[in-house]
Amino acid sequence: MSGTLNKVMLIGHLGQDPEVRSMQSGDKVCNLSLATEESWKDSQSGERKTRTQWHRVVIFGPLVKVAESYARKGAKVYVEGQMETRSYTDAKDVNREVTEVVLRPFNGTFNLLDRKPGNADSEEPAEEKATA
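Residues numbered from 1 in each chain as written. Predicted model: local features only at pLDDT ≥ 70, side-chain atom pairs only at ≥ 80, totals over all residues. Heavy atoms only, no water.

As recorded by an unreviewed UniProt entry, the protein carries the name Single-stranded DNA-binding protein and is attributed to Marinibaculum pumilum. The UniProt entry for the protein carries this comment under Subunit (unreviewed entry): "Homotetramer." (UniProt positions renumbered as here; feature names shortened; annotations may be inferred.)

Below is the structure:
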């Protein structure tokens, strides 16, 4: 099908430290839990409301090293990749589906947006930015 696009761009905070594993091939894969939040003012009560969405992010290739070396729980990050759904069988032999944002070496971006560590007065973002 021509004329289609599968591109996801998110800015959010990591819910936990990156989880890096080695695959059977020896290559590494990184899993992230990313929270995005929206807020609004309730029209009836005037109260500020928020809603958090959690996203599964999977990183392959050289971006794994960036995430593993520099990203930590709570870090503000920008990710750009593709939405993918995969099926698997869990430990109880139940078929499951999961939808993830996947960053591959040829079309993924992972940027740390926090200030440089140890320099709270600086408005300069962290230098650990990478696009594969």
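Enquirer: So what exactly am I meant to see when it comes to the overall build of the protein here?
Expert: Counting its regular elements, the protein contains one helix and eight strands. Counting from the amino terminus, helix and strand elements in the protein follow one another as β-β-β-β-α-β-β-β-β. Counting the 132 residues in the protein, one finds 31% classified as buried. Of the contacts made within the protein by residues no fewer than 6 positions apart, 54% connect residues no fewer than 24 positions apart. (Helix = DSSP H or I, 4+ residues; strand = E, 2+ residues; numbered from the N terminus. Buried < 20%, exposed > 50% of the residue type's maximum accessible area, 1.4 Å probe, protein only. Contact = heavy atoms within 4.5 Å.)

Enquirer: Help me understand the environment of Asn31, please; the structure alone is not making it clear to me.
Expert: Take Asn31: it is sitting in strand E3 (residues 28–41). On the accessibility criterion, Asn31 (18% relative accessible area) is buried. Residues Asn31 and Val57 lie 26 residues apart in sequence; the distance between their C-alpha atoms is 5.7 Å.

Enquirer: What exactly am I supposed to notice about the layout of surface pockets here?
Expert: Picture a little ball the size of a water molecule; that probe, rolled over the atoms, points out where space is still empty. The computed volume of the largest pocket comes to approximately 150 Å³. Residue lining of the largest pocket: Arg21, Met23, Val29, Asn31, Val58, Phe60, Glu84, Thr85, Arg86, Glu100, Val102 and Arg104, and that is the complete set. For the lining of the largest pocket, the secondary structure elements donating two or more residues are E3, strand E4 (48–60), strand E5 (76–89) and strand E6 (95–103). Counting residues per element, the lining of the largest pocket draws most heavily on E5, at three residues. (1 Å grid on protein atoms, 1.4 Å probe; cavity = no way out; pocket = protein on both sides within 12 Å on 5 of 7 lines; lining within 4 Å. Points joined across faces, edges and corners; volume = space filled by probe spheres on them.)

Enquirer: What exactly am I supposed to notice about the pattern of salt bridges here?
Expert: Opposite charge on two side chains permits pairing when their charged atoms draw close. Summed over the entire model, instances satisfying the criterion amount to seven salt bridges. When the shortest N-O distance is used, the salt bridge between Glu100 and Arg86 registers 3.0 Å. You can see Glu100 sitting in strand E6 and its partner Arg86 sitting in strand E5, a full 14 residues away along the chain. In this structure Arg86 comes out as partly exposed when scored by relative accessible area, which is 39%. (Salt bridge = Lys/Arg side-chain N within 4 Å of Asp/Glu carboxyl O.)

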